[in-house]
Amino acid sequence: MRVKTFRAKSTKAVLEKVKRELGPEAVILSSQTRRENGVCWCEVMAAVEQDDPSAAAAPGENGGGAVGEEEVMSLKREWRQIKDVLLGLAGDRIDLAVLPARQQQGLRFLEEDGVQREVIIRLFARLTHDRECSLLQALGGLVGVRALTHGSFPQKLQAVSGPSGVGKTTQLVRMAMAFQKSRPGARVCLVNADCDRGQGRLVLKHYAQLSGITYCELHGKDDAQDLLAAMDAFDRVLVDLPSVPRGGRLDGVLAQLGLDGVEGLAVHLLLSPHYAPAQISAFIDAYRTRKTASLIWTKLDEACTFGAIVNAGAATGLPASALVKGPGLRDALALSDEMALWKLLFKHELPASRADAGRAAPAPRKGRAAA
Ligand SMILES: Nc1nc2c(ncn2[C@@H]2O[C@H](COP(=O)(O)OP(=O)(O)OP(=O)(O)O)[C@@H](O)[C@H]2O)c(=O)[nH]1
Ligand SMILES: [Mg+2]
């Protein structure tokens, strides 16, 4: 992170300087007005996050020789600590009172709901830079939404990934159902790449048998080659990936399965907001690959706060594509716009899913601040 103090005779001029030198991503850490020899100066301390230092330490890059995984992890940890200290200092100095009451209330609520200080500071910076911007617009700039539909994710090969028990197999079946419903007669293949797990395997196999769709198992590179050779026979191929073993990464799992070099593969990462913040960061580190296309949020019915959705969206830049609020096959909602997400965040209102169609809308769990 690069931190620098700027001064000019007006707020507008100083913000222009910040933007010119540090770019639009700059975060305002503090601002104050000083009088010197009768002249009024506006002073702003701003910071910009530079490239992730771990990227520079990637093995074999920059001619620096191989750097071990452990060294990369330790650099990452160190970087996070430095960032936390800087953000802690900045956090104490952001002055919410400069914002309209409604925005102050919204930011306080987000923080109570688990949105990290770093993200609050980014939102604060956006709102102070652009007085026309609403809190929802600022949030929309950090947390993307892209509906989990055929149109938004046209890749023929789609996979679900995520930690053990997060709801991958159930979600894959939901995706198969939704695809068949939107395209009657479509040829779907369910692929179980998590073959060592008896229960998930049976769920997939039984669903495929009952629905008359193809089921196959993927144990390694040979199976992957067979599958890729047979792709023309299907309109959609849905893969249930195994969870990544401790200390491993999804890239490694995809390589073992022979899926690493496959173009046109979209992997959806399933997470639940009820995981602790440190778990979510560790899962993002382990599961994020070049092929990760979206985040699917499951087990909303078991979560009490939803700030993790904002944190993960802001940290990864990945869109949220679906919200899941129960174990049933009809308990998921493809996120076609941001409204369901805002209602979840600000009102703790679980999204209406297909299971609710025809029923009265459920009452919100708690009345909370609106944005
Ligand atoms: N309460 C709740 N339960 C869910 C939700 N999604 C899935 N489940 C349940 O969570 C359990 C695990 O779901 P699975 O789909 O087997 O999860 P998985 O990620 O495939 O699990 P592994 O294959 O063991 O890693 C099952 O009992 C599901 O019915 C949800 O949104 N809310
Ligand atoms: Mg499973």
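This structure is a prediction, so every number in the text was calculated from the model and none was measured.

1. Quick word on the pattern of salt bridges
(1) Moving on: Within the structure shown, the criterion is met by 7 salt bridges.
(2) Moving on: Arg7 is paired through a salt bridge with Glu36; the nearest N and O atoms lie 2.8 Å apart. Residue Arg7 is located in strand E1 (residues 2–8), and its partner Glu36 is located in strand E2 (residues 27–36); the two are separated by 29 residues in the primary sequence.
(3) Moving on: When salt bridges with common partners are traced through the structure, they connect Arg7, Glu36 and Glu43 into a single cluster.

2. A short note on the packing of helix H6 (residues 135–142) against helix H13 (residues 339–347)
(1) Moving on: The geometry of H6 relative to H13 is characterised by a closest axis approach of 12 Å and an angle of 115 degrees between their N-to-C directions. Considered as vectors, H6 and H13 are oriented roughly perpendicular to each other. As H6 runs across H13, the sense of the crossing is right-handed. Side by side, H6 and H13 meet where Leu135, Leu136, Leu139 and Gly140 of the first sit next to Trp342, Leu345 and Phe346 of the second.
(2) Moving on: Its residues placed into classes, the contact of H6 with H13 shows 6 nonpolar, 1 polar and no charged.

3. Quick word on the pairing of strand E8 (residues 265–271)
Here is the key point about a regular strand: its side chains alternate between the two faces of the sheet.
(1) Moving on: Burial runs high along E8: 7 of the 7 residues are buried.
(2) Moving on: Where burial is concerned, the two faces of E8 agree: the one with Leu265, Val267, Leu269 and Leu271 and the one with Ala266, His268 and Leu270 are both buried.
(3) Moving on: In this sheet, E8 lies alongside strand E4 (residues 157–161) in parallel orientation, the contact comprising 5 bridges. Across the sheet, Val160 pairs through a bridge with His268, a residue of E8.
(4) Moving on: Where E8 meets strand E9 (residues 292–297), 5 bridges bridge the pair, whose relative direction is parallel. Bridge pairing links Leu270 to Ile296 in E9.
(5) Moving on: Handedness of the β-α-β unit built from E8, helix H11 (residues 277–287) and E9 comes out right-handed.

4. Here we look at the packing of aromatic side chains
(1) Moving on: Scanning all chains against the criterion turns up 3 aromatic pairs.
(2) Moving on: On the numbers, 5.9 Å between centres and 40 degrees between planes, the contact of Phe109 with Phe346 is tilted. Separated by 237 residues along the polypeptide, Phe109 in helix H4 (residues 101–112) and Phe346 in helix H13 bring together distant segments of the chain.
(3) Moving on: For Phe109, a relative accessible area of 3% translates into the label buried.
(4) Moving on: For Phe346, a relative accessible area of 2% corresponds to the buried category.
(5) Moving on: Between Phe283 and Tyr287, the ring centres sit 6.3 Å apart and the planes meet at 70 degrees, which makes this aromatic pair edge-to-face.

5. Some remarks on the sheet that holds E2
(1) Moving on: Read across the sheet, 3 strands follow the order E1-E3-E2 without closing on themselves; strand pairing throughout is antiparallel. Of all strands in the sheet, those bounded by a partner on one side alone are E1 and E2. Mean inter-strand twist for the sheet, computed between neighbouring axes without regard to direction, equals 20 degrees.
(2) Moving on: Taken together, the 9 bridges between E2 and strand E3 (residues 39–48) define a ladder with antiparallel strand orientation. From the neighbouring strand, Ser30 faces E3, where its bridge partner is Met45.

6. Concerning the confidence of the model for the protein
Detailed reading of the predicted coordinates is not advisable wherever pLDDT falls low.
(1) Moving on: Summary statistics for the protein give a mean pLDDT of 85 and a share of 82% for residues scoring 70 or more.
(2) Moving on: Every residue in residues 52–65 scores below 50 in pLDDT, and together they form 15 contacts with partners more than four places removed in sequence or on other chains.
(3) Moving on: Note that residues 363–371 has pLDDT below 50 and, in this model, 25 contacts with residues that lie over four places away or in other chains.

7. Some thoughts on the sheet that holds strand E7 (residues 236–240)
Remark on secondary structure: sheet strands pair via backbone hydrogen bonds, oriented parallel or antiparallel.
(1) Moving on: On the basis of which strands lie adjacent, the open sheet formed by 8 strands has the order E6-E5-E7-E4-E8-E9-E10-E11 and mixed pairing. Because the sheet does not close on itself, it has two edges, and the strands there are strand E6 (214–217) and strand E11 (332–334). Taking each pair of neighbouring strands and ignoring which way they run, the sheet shows an average axis angle of 25 degrees.
(2) Moving on: Bridging between E4 and E7 involves 4 bridges; their strand directions are parallel. Across the sheet, residue Gln158 finds its bridge partner in E7, namely Leu238.

8. Some thoughts on unusual backbone geometry
(1) Moving on: Phi is positive for Asn37, close to 50 degrees, though the residue is something other than glycine.
(2) Moving on: Here Asn37 is to be found in the loop between E2 and E3.

9. Re the side chain of Lys168
(1) Moving on: If you trace the backbone, Lys168 turns up in helix H7 (residues 168–182).
(2) Moving on: It turns out Lys168 is buried and unbridged, and the closest side chain with the opposite charge, Asp194, is 5.4 Å from it.
(3) Moving on: The contacts of Lys168, once residues within four sequence positions are left out, are Val160, Ser161, Gly162, Pro163, Asp240, Leu241, Ser243 and Leu270.

10. With respect to the side chain of Ser272
(1) Moving on: Take Ser272: it is sitting in the loop between E8 and H11.
(2) Moving on: Taking the relative accessible area as the measure of exposure, Ser272 reaches 0% and is therefore buried.
(3) Moving on: When near neighbours in sequence (up to four residues on either side) are disregarded, Ser272 contacts Val166, Ile280, Trp297, Thr298 and Lys299.

11. Some words on the environment of His150
(1) Moving on: Inspection of the secondary structure puts His150 in the loop between H6 and E4.
(2) Moving on: Look at His150 and you get partly exposed, because its relative accessible area is 27%.
(3) Moving on: The spacing of His150 and Arg183 is 33 residues in sequence and 9.6 Å in space, taken between C-alpha atoms.
(4) Moving on: Those residues in contact with His150 that lie beyond four places of it in its chain are Phe179, Arg183 and Arg236.
(5) Moving on: Of the polar contacts made by the side chain of His150, one reaches the side chain of Arg236; its length is 2.8 Å.

Thresholds, definitions, all that
Residues numbered from 1 in each chain as written. Chains lettered and ligands numbered in written order. Predicted model: local features only at pLDDT ≥ 70, side-chain atom pairs only at ≥ 80, totals over all residues. Heavy atoms only, no water. Salt bridge = Lys/Arg side-chain N within 4 Å of Asp/Glu carboxyl O. Helix = DSSP H or I, 4+ residues; strand = E, 2+ residues; numbered from the N terminus. Axes fitted to C-alpha atoms, helices over the stretch in contact; angles between N-to-C directions. Parallel < 35°, antiparallel > 145°, perpendicular 65-115°, else oblique. Left-handed = near helix turned anticlockwise from the far one by under 90°. Contact = heavy atoms within 4.5 Å. Nonpolar A, V, L, I, M, F, W, Y, C, P; charged D, E, K, R; others polar. Buried < 20%, exposed > 50% of the residue type's maximum accessible area, 1.4 Å probe, protein only. Pairing = 2+ DSSP bridges. Right-handed = clockwise from strand over helix to strand, strands pointing away. Phe/Tyr/Trp six-rings, centres within 6.5 Å; stacked < 30°, edge-to-face > 60°. pLDDT = per-residue confidence, 0-100. Lys, Arg positive; Asp, Glu negative; His and termini not counted. Polar contact = N/O pair within 3.5 Å; in protein donor to acceptor, adjacent residues only side chain to side chain.

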